[in-house]
Amino acid sequence: MKKTAAIILAAAMAMGLTACSGFTDEKPEATTTAGTAETTTGGTQTEAGGKGVVYGIYKAGDQTWFIDEGAAAQKAVEEKGDGFIYVDAKMSPEEYLKAIDNAIANKAKGIVTCIPDQTMSQAVVDKCKEAGIPIVAADDALQTEAAEKIAPWVGINAYVIGQANGQWLADYANKNNLTGDPECGMLILTMDTVSSCVPRAEGEYDKFTEACPDFPKDRIYKADYDGTTDKGNVAATSVITAHPEIKKWLVTGANEEGTIGAVRAMESAGLDANATVVGLGAYMAKDEWNNKGGDGTCMKAAAYFSSDSVGAGSVNVLYDVISGKEVPMETAVDAVIVTPENYKEVMGKAAE
């Protein structure tokens, strides 16, 4: 298992297409707001000595995933001789549009971005097209109302990664005789308004029910949240409270923050000893394991993919566009399940 995981991870890295945790210790030196986007790791744009500047505009720039993704993007840009500006849009459409306008006004060489509201996609792409500035989406696609991508996208292979989580939970349920246990229920935390997250939950549900066909579907619950730990906690707590008959929870979700919220909900309800949570990203699961050990938390596994690969990958695609190359509209990455037993071996430095 360890050997296979390592091979899978190595292959993904070799393709430059992994996506959520080759976390570097190198962080953006300046996290800017949309209103102060002229601040960059290499100084202001005027100070950049004539170099081009690439903007990284992220919907939740204070989250670990985007900080690490931005650090990888920054490194890739600087290796190409240009400057990088990291912008936290704070989940605000207004702040996000200000950042786009700043990038355009400052004649950015290009933009890599995760948009906070995909309904704004067309307007953003049109703005950039009119200004002659190439833009590449990371994580959440820039797309039409019909979910057709309108800019190159780099992100995780959402459905396949969801399937990996569903398979792991099904194997766990079968191994521990939970299928017929009336006190066992499954919770899938969803983000139904984010196109990149919907396939994750679908993959989790489809593979779990396929691999564990005797598990009663009326004991599989779903709860929607916004991607934050707090809202994941609230969503999980509401389901736990509504179903006091369930004492043994199997949980997974649409991102790592949500599953950590569920872990805290289980702890608050006194149900964590018999709960099993599978994360999605492993960048917070590793903290649970580093701080508490595998037996001290109900976070028992996580799908690992490297934020470094999404960050650097989005920049590589952007520079291909800038150079006039034809690029694919989708660049997706797979993942490998890590546990307290193998995460250090698989994740390497990212496990620190």
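Please read these numbers as outputs of a predicted model, since none were measured by experiment.

A.B. asks: Report on the overall build of the chain, specifying residues and quantitative values.
C.D. replies: Secondary structure assignment for the chain yields 11 helices and 13 strands. For the chain, buried positions account for 55% of its 352 residues. Nonlocal contacts in the chain, meaning residues at least 24 apart in sequence, comprise 78% of its contacts between residues at least 6 apart. Carbon and sulfur atoms form 50% of the exposed surface of the chain, whose accessible area is close to 14300 Å².

A.B. asks: Now, about the pairing of strand E4 (residues 110-114): what can you tell me, with residues and values included?
C.D. replies: Burial analysis of E4 places 5 of its 5 residues in the buried class, which makes it a mostly covered element. Side chains Gly110, Val112 and Cys114 of E4 all project onto a buried face; the interleaved residues Ile111 and Thr113 project onto the opposite face, where all are buried too. Alignment of strand E2 (residues 53-58) against E4, held across 5 bridges, turns out to be parallel. Residue pairing across strands places valine 54 opposite glycine 110, the latter belonging to E4. Bridging between E4 and strand E5 (residues 135-138) involves 3 bridges; their strand directions are parallel.

A.B. asks: Which residues make up the nonpolar core, and what values do they have?
C.D. replies: Judged by nonpolar contacts, the single largest core of 83 residues is most densely connected at Leu187, Phe208, Trp249, Leu250 and Val338. Residues within four places of leucine 187 in sequence aside, it is in contact with Tyr221, Lys222, Ala223, Ala236, Val239, Trp249, Leu250, Val251 and Thr252. Residues Val87, Ala89, Val124 and Val125 belong to the second largest nonpolar core, which totals 24 residues.

A.B. asks: Tell me about the packing of aromatic side chains, and please be specific about residues and values.
C.D. replies: Throughout the structure, instances matching the rule amount to 8 aromatic pairs. When the centroid spacing of 5.8 Å and the interplanar angle of 40° are considered together, the rings of tryptophan 65 and tyrosine 283 count as tilted. One end of the pair, tryptophan 65, is in helix H2 (residues 64-79); the other, tyrosine 283, is in the loop between strand E10 (276-281) and helix H9 (285-292), with 218 residues separating them in the sequence. Overall, the relative accessible area of 6% leaves tryptophan 65 in the buried class.

A.B. asks: Requested: an account of H2, with residues and values cited.
C.D. replies: Between the first and last C-alpha of H2 there are 23 Å, a value that for 16 residues agrees with the 22 Å anticipated at 1.5 Å per step. For H2, the set of buried residues is Trp65, Phe66, Asp68, Glu69, Gly70, Ala71, Ala72, Ala73, Gln74, Ala76 and Val77. Positive backbone phi, approximately 90°, marks glycine 81, located one or two places after H2.

A.B. asks: Please provide a residue-by-residue account of the environment of glutamine 167, values included.
C.D. replies: Examined against the element boundaries, glutamine 167 turns out to sit in helix H5 (residues 158-175). For the pair glutamine 167 and tyrosine 205, spaced 38 residues apart in sequence, the C-alpha to C-alpha distance is 9.4 Å.

A.B. asks: Please provide a residue-by-residue account of the environment of alanine 137, values included.
C.D. replies: Here alanine 137 shows up in strand E5. Along the chain, alanine 137 and leucine 318 lie 181 residues apart, while their C-alpha atoms are 9.3 Å from each other. Contacts of alanine 137, omitting those with residues within four sequence positions, involve Thr113, Leu142, Pro152, Trp153 and Val154.

A.B. asks: Could you give an account of helix H3 (residues 93-105), naming the residues involved and the relevant values?
C.D. replies: The first and last C-alpha atoms of H3 sit 18 Å apart over 13 residues, in line with the 18 Å expected at 1.5 Å per residue. All of the buried residues along H3 are Glu95, Tyr96, Ala99, Ile100 and Ala103. The buried residues of H3 occupy one face: seen down the axis, they fall within an arc of 140°. Opposite the packed face of H3, turned more than 90 degrees from it, sit the exposed residues Glu94 and Ala105. Where H3 is buried, its residues contact E2, strand E3 (83-88), E4, helix H4 (121-131) and E5. Trailing H3 by a residue or two, lysine 107 shows a phi angle of about 55°, which is positive.

A.B. asks: Would you mind going over the pattern of salt bridges in detail, with residue names and values included?
C.D. replies: Here the structure, examined in full by the defined rule, presents 14 salt bridges. Between aspartate 101 and lysine 127 there is a salt bridge, with the nearest N and O atoms lying 2.9 Å from each other. Taken as a pair, aspartate 101 in helix H3 and lysine 127 in helix H4 lie far apart in primary sequence, 26 residues in all. Between lysine 286 and aspartate 287 there is a salt bridge whose closest N-O contact spans 3.1 Å. Overall, aspartate 287 belongs to the partly exposed group, its relative accessible area being 32%. A single salt-bridge network, built from bridges that share partners, covers Arg264, Glu267, Glu288 and Lys292.

A.B. asks: How would you summarise the side chain of aspartate 181 if you had to cite specific residues and measurements?
C.D. replies: On the secondary structure map, aspartate 181 appears in the loop between H5 and strand E7 (184-190). Within the structure, aspartate 181 has its side chain in polar contact with the backbone nitrogen of glutamate 183 (distance 2.9 Å).

A.B. asks: Summarise the sheet that holds E7; cite the residues concerned and give the values.
C.D. replies: A sheet is described by the order of its strands in space; here 6 strands give the open sequence E8-E7-E9-E10-E11-E13, paired in mixed fashion. Two strands bound the open sheet, and with one partner strand each, they are strand E8 (220-224) and strand E13 (336-338). Taking each pair of neighbouring strands and ignoring which way they run, the sheet shows an average axis angle of 20°. Along the sheet face, helix H6 (residues 198-211) touches E7, E8, strand E9 (248-252) and E10 and points at about 155° away from the line of E7.

A.B. asks: I'd like a rundown of the packing of H5 against H6, residues and numbers included.
C.D. replies: Here H5 crosses H6 at 35°, and the two axes come no closer than 6 Å. Here the hand of the crossing between H5 and H6 comes out right-handed. Here Ala158, Tyr159, Gly162, Gln163, Asn165, Gly166, Gln167, Leu169, Ala170, Ala173 and Asn174 of H5 come into contact with H6, specifically with Pro199, Arg200, Glu202, Gly203, Glu204, Asp206, Lys207, Phe208 and Ala211. Partitioned by chemical class, the residues of the contact of H5 with H6 number 8 nonpolar, 7 polar and 5 charged.

Cut-offs applied
Residues numbered from 1 in each chain as written. Predicted model: local features only at pLDDT ≥ 70, side-chain atom pairs only at ≥ 80, totals over all residues. Heavy atoms only, no water. Helix = DSSP H or I, 4+ residues; strand = E, 2+ residues; numbered from the N terminus. Buried < 20%, exposed > 50% of the residue type's maximum accessible area, 1.4 Å probe, protein only. Contact = heavy atoms within 4.5 Å. Areas by Shrake-Rupley, 256 points an atom, 1.4 Å probe, with all protein chains shown as cover. Pairing = 2+ DSSP bridges. Core = buried A, V, L, I, M, F, W, Y, C linked by side-chain atoms within 4.5 Å. Phe/Tyr/Trp six-rings, centres within 6.5 Å; stacked < 30°, edge-to-face > 60°. Expected span 1.5 Å × (residues − 1). Arc of directions from axis to C-beta. Salt bridge = Lys/Arg side-chain N within 4 Å of Asp/Glu carboxyl O. Polar contact = N/O pair within 3.5 Å; in protein donor to acceptor, adjacent residues only side chain to side chain. Axes fitted to C-alpha atoms, helices over the stretch in contact; angles between N-to-C directions. Left-handed = near helix turned anticlockwise from the far one by under 90°. Nonpolar A, V, L, I, M, F, W, Y, C, P; charged D, E, K, R; others polar.

Functional significance is not addressed by these values, which are geometric in nature.
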